[in-house]
Structures are given as structure tokens and as C-alpha cells.
Amino acid sequence: MSIFQSIKRCSAALALATGTVLLPAVAAAQATPAVEALAARIIADQYRIIINCEGCNLAGANFDGQFLRLAALEGADMRGASFRHADLTGIHLTRARLEGANFSGANMAGAVLTNADLRGANLADARLDAVRVHGANFSGANLQRANLRMLEYVKRLTFAGADARNAIFRHAFLGGVDFSDADLRGADFTRATGLTNAQLARACGDERTILPPGLSIPHCSGN
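Quick summary incoming for the structure in this document.

## Focus on the pattern of salt bridges
- Under the counting rule described, the total for this entry stands at 16 salt bridges.
- The salt bridge involving R132 is made with E152; its shortest N-O contact spans 4.0 Å. Placement of the pair is R132 in the loop between α2 (33–45) and α3 (197–200) and E152 in the loop between α2 and α3, with a sequence separation of 20 residues.
- The salt bridge involving D206 is made with R208; its shortest N-O contact spans 2.8 Å.
- Using a relative accessible area of 42% as the deciding quantity, one classes R208 as partly exposed.
- Salt bridges linked by common partners bring R97, E99, D117 and R119 together as one network.

And the structure:
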């Protein structure tokens, strides 16, 4: 077993024992002058054209509050980038590297996140309704109060170790989704389909967690 695997297993065990979700450490990305220049050009063009920057290096870029609807950023490196309260409706982020990125309060409704890497990302209070998340990795992400209604295309989707307290999963299809070590306290699964007790047994919740009839979830320990 590698050192990384040992640390990961120990972290997961500690999370279950304490009820605390441990987010993976992601080094803060510092935008280079080239990245800052490219981001400035994108911001200058945001209302004039639909942005197409597939495979671009935008690590550490700041797009807080910007308008990037329908932008094509497939395969882009945006590790540690910030999109707080940005309008990202329908954005295309297939295979994008988004580890440690900050999407708090962003509107990502209808986004395409197929095979995107969002490990340790901050998506608190983000709108993620009707997003396509086939193969997306939200391990250790902050999904507190995120709106994940009507999720679709969820094959190989993982929320392992995610902090999804008070997140909304209403009307979402969740068959086969990995919720291992996820904190689902206060989460709302009203009319969610495909979810099983076997999936929930690997997560934890509380009396405020709303589940479809016939399902149950272990209670989180600790605060």
C-alpha cells in the first residue's frame, strides 16, 4: 500500500469516527502573469462572444462575479481558480481540472461536468441543478447548501468524503453514486430515485436528513 493510500484510509476512518469531513489538501494556485493576461482577455470578451478556451491554463485565475454562460472550457486547468458568485449557466467543463477551485454561490445550472475533477472544491451555496456529472469527482468537496436537484447522467459519480450538509438532491437520479464517508446531515433527498440503503450505509446524516420512503442513514457522530 502506498503512503497516499494509507493516509487516505486513515483520514476516512477518522472522518467516520468523529463525524468530521476531512477535505483533501489542495495547494493554493498562484496565477502566473500569462494566466492573468488570458483571464483578462476572457473577461473583456465575456459579453461579446461565447468563450472558447478548451485546454487552457487558467490555474489560480479569478473570475469572481463574471459572466461565463455556455463557455467552452473542456480540459482546462483551473486548479485553485475562483468563480465565486459567477454566472456559469450551461458552462462546459468536461475533463476540466478544478481541484480546490472556489465556486461558492455560483450559478452552474445546466453545466456539463463530465469527468471533471472537483476534489476539494468549494461549491457551498452553488446552483448545480440539472448538471451532467458522468464520471465527475467531488471527493472532499464542500457542497454545503448546494442545490443539486435533478442530477442526471451520474454513472461513476463520486461524492466520497464530501461535506454535503443541507444540500438539496430533490428529484435527482442517484443510482450507483458513491457517498462513502459523505456528511449528509440536513440533506434533502425528496423524490430522489435510484438511491439505496447500501449507498447510504457508507455515509452519515441526522434527523434532519430527508430520505425517500424505506431508506435510512447512520447518524453522524460528533459535531
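## Thoughts on the packing of aromatic side chains
- Counted by the stated rule, this structure contains 9 aromatic pairs.
- Considering the side-chain rings of Y47 and F67, the 5.1 Å spacing of their centres and the 25° angle between planes classify their relative orientation as stacked. Here Y47 is found in the loop between α2 and α3, whereas its partner F67 is found in the loop between α2 and α3, with 20 residues between them in sequence.
- What makes Y47 exposed here is its relative accessible area of 64%.
- Residue classification places F67 among the partly exposed positions, given a relative accessible area of 25%.
- Measuring from centroid to centroid gives 5.2 Å for F138 and F159, while their planes differ by 40°, and the two rings are tilted. In this pair, F138 sits in the loop between α2 and α3 while F159 sits in the loop between α2 and α3, placing the two residues 21 residues apart along the sequence. This pair shows no difference in class: F138 is buried, exactly as F159 is.

Calculation notes
Residues numbered from 1 in each chain as written. Predicted model: local features only at pLDDT ≥ 70, side-chain atom pairs only at ≥ 80, totals over all residues. Heavy atoms only, no water. Salt bridge = Lys/Arg side-chain N within 4 Å of Asp/Glu carboxyl O. Helix = DSSP H or I, 4+ residues; strand = E, 2+ residues; numbered from the N terminus. Buried < 20%, exposed > 50% of the residue type's maximum accessible area, 1.4 Å probe, protein only. Phe/Tyr/Trp six-rings, centres within 6.5 Å; stacked < 30°, edge-to-face > 60°.

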